[in-house]
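One letter stands for each residue in the lines below.
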Amino acid sequence: MNPVFYFLLALTAVLAATANAAGPIFDTDGDVIFGGSSYYVLPAIWGPTGGGLTLSSLDDKQCPLYIQKEDSEVERGIPVKFSNWKPRVGFVPESENLNIEMDVAATICVQSTYWWVAPSHLPIMTFFIAAGPKPGEDSSRSFFQIKKTGGFHNGYKITFCSGDGGCDDVGIARDANGVGRLAVGSEPFPFVFRKAGETETSPKTMSII
């Protein structure tokens, strides 16, 4: 068969996948966010709301590590990477299920650092987001979406999307020690994404090994 036919068929498939995908997420420089690159997750409103995201133990248990928000606005924390969205596009799409991973070489828990929603051990049913092993495609605790907040924040919010198709906002909740952590069901916290360079990630990587 004519090779041109196969070329047009492949091109049509790519264009169809692109057309069905949602629009891309943008970083603070106005550039499209792509898979494979690392980005700091920072408050959309700079100042007393604190800094970026990091990892820390919860209560008296060393592992797993949980996603903590830095209290100081000068701390960018650890950057993240995005992966595993279904539309076959290179950019990170808005409002599509995807996985989020803390971009750190190693931790004391000797496991990967993909986000997942840990079971609540508190009477108020606060579901904190922990770092854990690489999730499977059918995981019901590890898919998130990024959506525009709208309004004056001009940022994005992160939502957790369970297997039943529903999504709940991710915000900041205080644990028993007053530490701010990412949690499902809290008031949505508006974020922006700032691209990270390789030299920026190394100090934070060493601090939690």
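Residues numbered from 1 in each chain as written. Predicted model: local features only at pLDDT ≥ 70, side-chain atom pairs only at ≥ 80, totals over all residues. Heavy atoms only, no water.

- In the annotation of an unreviewed UniProt entry, the chain is listed under the name Trypsin inhibitor and assigned to Brassica campestris.

## So, the overall build of the chain
Then comes step 1: Looking only at helices and strands, one finds 2 helices and 12 strands in the chain.
Then comes step 2: Counting only residues that meet the buried cut, the chain has 42% of its 209 residues in that class.
Then comes step 3: By sequence separation, contacts in the chain at least 24 residues apart represent 55% of the contacts at least 6 residues apart.
Then comes step 4: Entry remark: accessible area of the chain is about 11000 Å², with carbon and sulfur atoms responsible for 56%. (Helix = DSSP H or I, 4+ residues; strand = E, 2+ residues; numbered from the N terminus. Buried < 20%, exposed > 50% of the residue type's maximum accessible area, 1.4 Å probe, protein only. Contact = heavy atoms within 4.5 Å. Areas by Shrake-Rupley, 256 points an atom, 1.4 Å probe, with all protein chains shown as cover.)

## Focus: the nonpolar core
Then comes step 1: Counting 35 residues, the largest nonpolar core has I67, F82, M102, W115, I129, F144 and F193 as its most contacted members.
Then comes step 2: Looking at this core element by element, the count peaks at 3 residues for strand β9 (residues 156-161).
Then comes step 3: If we skip the residues at most four places from it in the chain, W115 touches L53, I67, V80, I100, M102, I129, A130, R141, S142, F144, I158 and L182.
Then comes step 4: Of all hydrophobic cores here, the second largest spans 7 residues; its members include L58, Y66, A118 and A183. (Core = buried A, V, L, I, M, F, W, Y, C linked by side-chain atoms within 4.5 Å.)

## Examining the state of the cysteines
Then comes step 1: Inspection of the entire model under this criterion finds 2 disulfides.
Then comes step 2: At a sulfur-sulfur separation of 2.1 Å, the disulfide partner of C63 is C109. Classification of the bridge connecting C63 and C109 rests on its S-S torsion, roughly -105°, and on that basis the disulfide is left-handed. Taken together, the positions of C63 in strand β3 (residues 61-69) and C109 in the loop between β5 (99-102) and β6 (114-117) put the pair 46 residues apart, joining distant regions of the chain.
Then comes step 3: By relative accessible area, which is 34% here, C63 ends up partly exposed.
Then comes step 4: Between C161 and C167 runs a disulfide, and the two sulfur atoms are separated by 2.1 Å. (Disulfide = S-S within 2.5 Å.)

## What to know about unusual backbone geometry
Note on backbone geometry: most residues besides glycine have negative phi, and most peptide bonds are trans.
Then comes step 1: Here the bond from C63 into P64 is cis, since omega is 0°, no more than 30 degrees from zero.
Then comes step 2: Mapping P64 onto the fold places it in strand β3.
Then comes step 3: Positive phi, close to 65°, is recorded for N84, a residue that is not glycine.
Then comes step 4: Relative to the helices and strands, N84 is located in the loop between β4 (80-83) and β5.
Then comes step 5: Look at N84 and you get partly exposed, because its relative accessible area is 29%.
Then comes step 6: One non-glycine residue, V110, lies in the positive phi region at around 50°.
Then comes step 7: Here V110 lies in the loop between β5 and β6.
Then comes step 8: You can call V110 exposed: its relative accessible area is 73%.

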